[in-house]
Amino acid sequence: MTRSRYYFNSSIIRQNFRQHGWIGIIYALGLMFALPLQLFMSIDPNAKPQEIDHLFRISGNVQALFIITIPVAAGLFLFRYLQAKSPSDLWHSLPLRREHLFTAHLTSGLTLLLVPVWLTAGVVAVVKRWSGNFYIFQGADIWQWCITVSILTLFLFCFSVFVGICTGQSILQGIIIYILLILPVVLISLINSHLVMYLYGYANANVNFRDSSLQMWSPFVHIVYYFTGKPFTNTELWIYGVLALLFIGLSYLLYRKRNTEKAGQAIAFGYFNPLFKAGVMLCTMLISGNYFAQMKQQQMGWVISGYAIGAIIGYVAAEMIIRKTWQIMTRKVLAEFAVYAVMLGLLLYIPISSVTGYEARVPSGDKISGVYMGSNYRWYTPTDDLYTTTPYMGQDPFSDDKDYIEAVRKLHQAVIAVRPEHTSQQYAYEYFTIAYQLENGHKLVREYWIPNKGFESELKAVKDTEAYKYEKYNLALLDKDLDYMWVTNRNKKVAISDPQEISELKEIIKREISNMSYEVQIDKDGKPDVAGIQTEVKAKEDSNQVSSSYGYYYPWKSSFHELEKWMNEKGYADKIRTTAEDIQSAEIVKDGFMDKQTPKNPTSPEQRVVLAREKNRTVVTKDKALLTDILDHRFNYGVENGNYIVKLLYKEGYSDFVMLKASDMTAELKVLLK
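All figures in this text were calculated on a predicted structure; none of them were measured in a lab. (Residues numbered from 1 in each chain as written. Predicted model: local features only at pLDDT ≥ 70, side-chain atom pairs only at ≥ 80, totals over all residues. Heavy atoms only, no water.)

## Focus on the overall build of the chain
Broken down by element type, the chain carries 24 helices and 14 strands. By residue count, 48% of the 674 residues in the chain fall in the buried class. Long-range pairs, those at least 24 residues apart, make up 74% of the contacts in the chain between residues at least 6 apart in sequence. For the chain, the accessible surface area stands at approximately 34,200 Å², while carbon and sulfur atoms represent 59% of it. (Helix = DSSP H or I, 4+ residues; strand = E, 2+ residues; numbered from the N terminus. Buried < 20%, exposed > 50% of the residue type's maximum accessible area, 1.4 Å probe, protein only. Contact = heavy atoms within 4.5 Å. Areas by Shrake-Rupley, 256 points an atom, 1.4 Å probe, with all protein chains shown as cover.)

Structure, rendered in structure tokens:
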């Protein structure tokens, strides 16, 4: 056996190094610039060394640029000979089996890509202790960076090669590579939008690219957000490594069957054509359907037309790409399009139809081990990298209180029966997540906008339970050791740090919130909160992050008499309460302009006051006694004819709008308005 018949044909490898060595050089220079050089680069020459948790924190976007592009470029250029007829004929006329050719090119590519990665890691290890280094990291961080980048490089290169084997055009190969790398998260987002619009109560409506649960489906998106988000887990790296080996194996198999005449064709294997057409059609249908549904909500004709237009565009585009011509119209095409359209239409319709029973599903009480109802469900296990720590982390959101479970079930059944839509501006709505922890270990989660009007009895039954208040107002946080409690009201702020006072205040807040009635919870009296009480817990106690902290806000409602008494006794109330001395002036107008709404924002208090001011129907007072009367009787702004809108201008320059009822007007205020 001669050397030319070895799998690792040295002549081909040397030729690749001569012809494509620039790929390795650029990759090495890029990584050297993005990492070792940046260790010593800082705008502030007097900056102290900064401790980092991984090396991707250093010039991460530059690293991402090279990691995402160079391995794909290597796959494009090294296997370029497959996509053009002349090079393909030349290479395949050599006295070498295809396995030998593939192995030699694959080895060349891996050498050109992995050596720069390992070289960069070695340089970082050498310069780590040099003076002038602005970053502090451990040797394990270098290993972690080297392994992660090596596996990502291996995966992207092997995936690029696999797509190149399946396609016959280099440009199309590059386009398909990046589309497929992003496609999983785009499809999930589009399908999620589709389900949100047509599946009543569908949960998980607010996914975005910052969700780590979504990023795991796309290495491209994960690499882009890696540097500000969560790192790759070992499981993910193992998956990418196994997928890389799988793509190598499939590439070997497909390369043996690939016809050289397929060079220049869009798809090299005919049995991929149906998958390609269906994939393109599905994406365009979802994009077009979602667009028209967003622009023309509740107009089913527009929505159906959107899906139909998307199907036509997708099929025509896929057919033209495959045939490399725009002249595609035949009877067979029409029949085939109809088959695809029907199949994909059913694929989109069945999940939102009543066949699945999704919308009407409410588990029976004996199958539920715990229940959650509130608007903070995502904060217990945040997947969005914006919320790496929350006041709810580490807590169990589910309550096993039987009365609470039954009250939530009855409310859930009433909501399903009525199906209130979040469209009316007339009622106040609350956003709730209803989650059941089932006995079999599964979870059932739904999300609804529920109006207060029409569901008073069901909401009262839920909100009167201690279990609901305990979760809603995060009373579990008050069981923790707090560093500070802040009483805040606009620009006024009082810190409470005495452990004894913090302990007393925590117990009072627990009692006040536990005793809150349903009417107080929905602010039926409209009275503004006296102040807010914010807790502060350093995150180092829970997540080993010394530098950050999180807090939680508890209301000081006007009905909290025990709390008010305690604040008065400690002398905090006078320091925090809003008084007439804080206000520069008050502008008052009788709210009778509902029939003269401004077209821009009819509920805007500013516009309503401006409208009255133009007609000389406002009065302004700076009298401290009158301002005190206003503060004593004010309630939150709401559009209602017959009441009085008051614009309070504070001495700090900002303003606020409150209301006064006609029955609460003092004689002095009535005189002022005459």
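There is more to say, and it comes next.
## A closer look at the sheet that holds strand β5 (residues 443–451)
Within a sheet, neighbouring strands are paired by backbone hydrogen bonds and run either parallel or antiparallel to one another. Taken in spatial order, the three strands of this open sheet run β3-β4-β5, and their pairing is antiparallel. Only two strands of the sheet have a single neighbouring strand rather than two, namely β3 (368–374) and β5. Neighbour-to-neighbour, the strand axes of the sheet open up by a mean angle of 15°, direction not taken into account. Summarising the sheet, β3 and strand β4 (residues 429–438) pair through six bridges and their orientation is antiparallel. Of the residues in β4, the one forming a bridge with G374 is T433. Its contacts with the sheet place helix α14 (residues 402–418) against β3, β4 and β5, and it is angled at close to 65° to β3. (Pairing = 2+ DSSP bridges. Axes fitted to C-alpha atoms, helices over the stretch in contact; angles between N-to-C directions.)

## Examining the sheet that holds strand β14 (residues 655–660)
Across the sheet, five strands lie side by side as β11-β10-β13-β14-β12; this open sheet has antiparallel pairing. The strands lining the two open edges of the sheet, one partner per strand, are β11 (619–621) and β12 (635–636). Direction of pairing for strand β10 (residues 583–590) relative to β11: antiparallel, over a ladder of three bridges. Bridging from a neighbouring strand, I588 pairs with V619 of β11.

## Quick word on the nonpolar core
Residues Y27, L55, W145 and F157 are the most contacted members of the largest nonpolar core, which totals 75 residues. Of all the elements in the fold, those that place two or more residues in this core are α1 (10–34), α2 (60–78), α4 (98–127), α5 (139–166), α6 (170–198), α9 (234–257) and α11 (300–323). Of the residues forming this core, the biggest block, 16 residues, is contributed by α5. For L55, the residues in contact, after removing those within four places along its chain, are L35, Q63, V124, F137, D141, I142 and W145. (Core = buried A, V, L, I, M, F, W, Y, C linked by side-chain atoms within 4.5 Å.)

## Some points on the pattern of salt bridges
Should their charged atoms come close, side chains of opposite charge can pair. Under the counting rule described, the total for this entry stands at 18 salt bridges. For D464, the salt bridge identified is with K460, shortest N-O distance 2.8 Å. Among the ionic pairs, K510 bridges to D479, the shortest N-O distance being 2.5 Å. Of this pair, K510 sits in helix α17 (residues 499–514) while D479 is found in the loop between α16 (466–472) and β6 (484–489), placing the two residues 31 residues apart along the sequence. In this structure K510 comes out as buried when scored by relative accessible area, which is 18%. Taken together, the shared-partner salt bridges connect R97, E99 and R256 into one network. (Salt bridge = Lys/Arg side-chain N within 4 Å of Asp/Glu carboxyl O.)

## Quick notes on the packing of α6 against helix α10 (residues 273–295)
Direction vectors running N to C along α6 and α10 enclose 45°, while the axes themselves pass 10 Å from each other. Of the possible angle classes, the one that applies to α6 and α10 is oblique. Read as a crossing pair, α6 and α10 show a hand that is left-handed. Together, I176, L183, L187, L190, I191, S193, H194, M197 and Y198 of α6 and F276, L282, C283, L286, I287, N290, A293 and Q294 of α10 make up the contact between the two elements. (Parallel < 35°, antiparallel > 145°, perpendicular 65-115°, else oblique. Left-handed = near helix turned anticlockwise from the far one by under 90°.)

## Observations concerning the packing of aromatic side chains
Enumeration according to the criterion identifies 31 aromatic pairs in this entry. With a centroid separation of 5.2 Å and an interplanar angle of 45°, the aromatic rings of Y372 and Y377 are classed as tilted. Side by side, Y372 and Y377 carry an identical accessibility label, which is buried. Joined through ring pairs, the aromatic side chains of F79, Y81, W91, F102, Y252 and Y255 make up one cluster. Note that K128 overlies the ring of F137, its terminal NZ or CZ placed 5.8 Å from the centroid. Geometry around F635 places K661 over its ring, the cationic atom sitting 5.4 Å from the centre. (Phe/Tyr/Trp six-rings, centres within 6.5 Å; stacked < 30°, edge-to-face > 60°. Lys NZ or Arg CZ within 6 Å of the ring centre and 35° of its normal.)

## Quick word on the environment of A74
With respect to the helices, strands and loops of the structure, A74 is situated in helix α2. Assessed through its relative accessible area of 1%, A74 is described here as buried. The residues contacting A74, other than those within four sequence positions of it, are I23, L113 and F157.

## Describing the side chain of T433
Along the polypeptide, T433 turns up in strand β4. Note on T433: relative accessible area 4%, which makes it buried. If sequence neighbours within four positions are ignored, T433 has contacts with Y372, M373, G374, Y377, V445, R446 and E447.

## Quick look at a nonpolar patch on the surface
A cluster of nonpolar side chains, V342, L346, Y349 and I350, forms an exposed patch at the surface whose accessible area comes to about 400 Å². Its location among the elements puts V342 in helix α12 (residues 331–349). Among the residues examined, V342 registers a relative accessible area of 51% and is labelled exposed. (Patch = residues over 30% accessible without salt bridge, like charges linked within 9 Å, V, L, I, M, F, W, Y side chains within 5 Å.)

## Some remarks on unusual backbone geometry
In this model, R419 sits at a positive phi of 55°, which is unusual for a non-glycine residue. Within the secondary structure, R419 sits in the loop between α14 and β4. Phi angles above zero are rare outside glycine, and N474 is one such case at about 50°.

## Quick notes on the packing of α6 against α11
Following both chains from N to C, one finds α6 and α11 inclined at 165°, their axes separated by 16 Å at the closest point. In terms of their interaxial angle, α6 and α11 are classed as roughly antiparallel. In this structure, α6 crosses over α11, and the sense of that crossing is left-handed. Taken together, the residues of α11 that come into contact with α6 (itself represented by L172, H194 and Y198) are M300, V303, Y307 and I321. Across the contact of α6 with α11, the residue classes break down as six nonpolar, one polar and no charged. (Nonpolar A, V, L, I, M, F, W, Y, C, P; charged D, E, K, R; others polar.)

## Remarks on the pairing of β14
Strand residues, when the strand is regular, have side chains that alternate between the two faces of the sheet. As judged from the two bridges shared by β12 and β14, these two strands associate in the antiparallel manner. Bridging from a neighbouring strand, F635 pairs with M659 of β14. Of the pairings in the sheet, the one linking strand β13 (residues 644–650) to β14 comprises six bridges and is antiparallel in character. Paired with L649 across the strands is S655, a residue of β14. Two successive antiparallel strands, β13 and β14, enclose a turn made up of four residues, where G653 displays a positive phi of approximately 110°.

## A look at the environment of P528
Mapping P528 onto the fold places it in the loop between α18 (518–521) and β8 (531–538). Expressed as a C-alpha distance, the spacing of P528 and R634, which sit 106 residues apart in the sequence, is 7.9 Å. Excluding anything up to four places from it in sequence, P528 contacts S558, R634, F635 and N636.

Bear in mind that shape data such as this cannot, by itself, settle questions of function.
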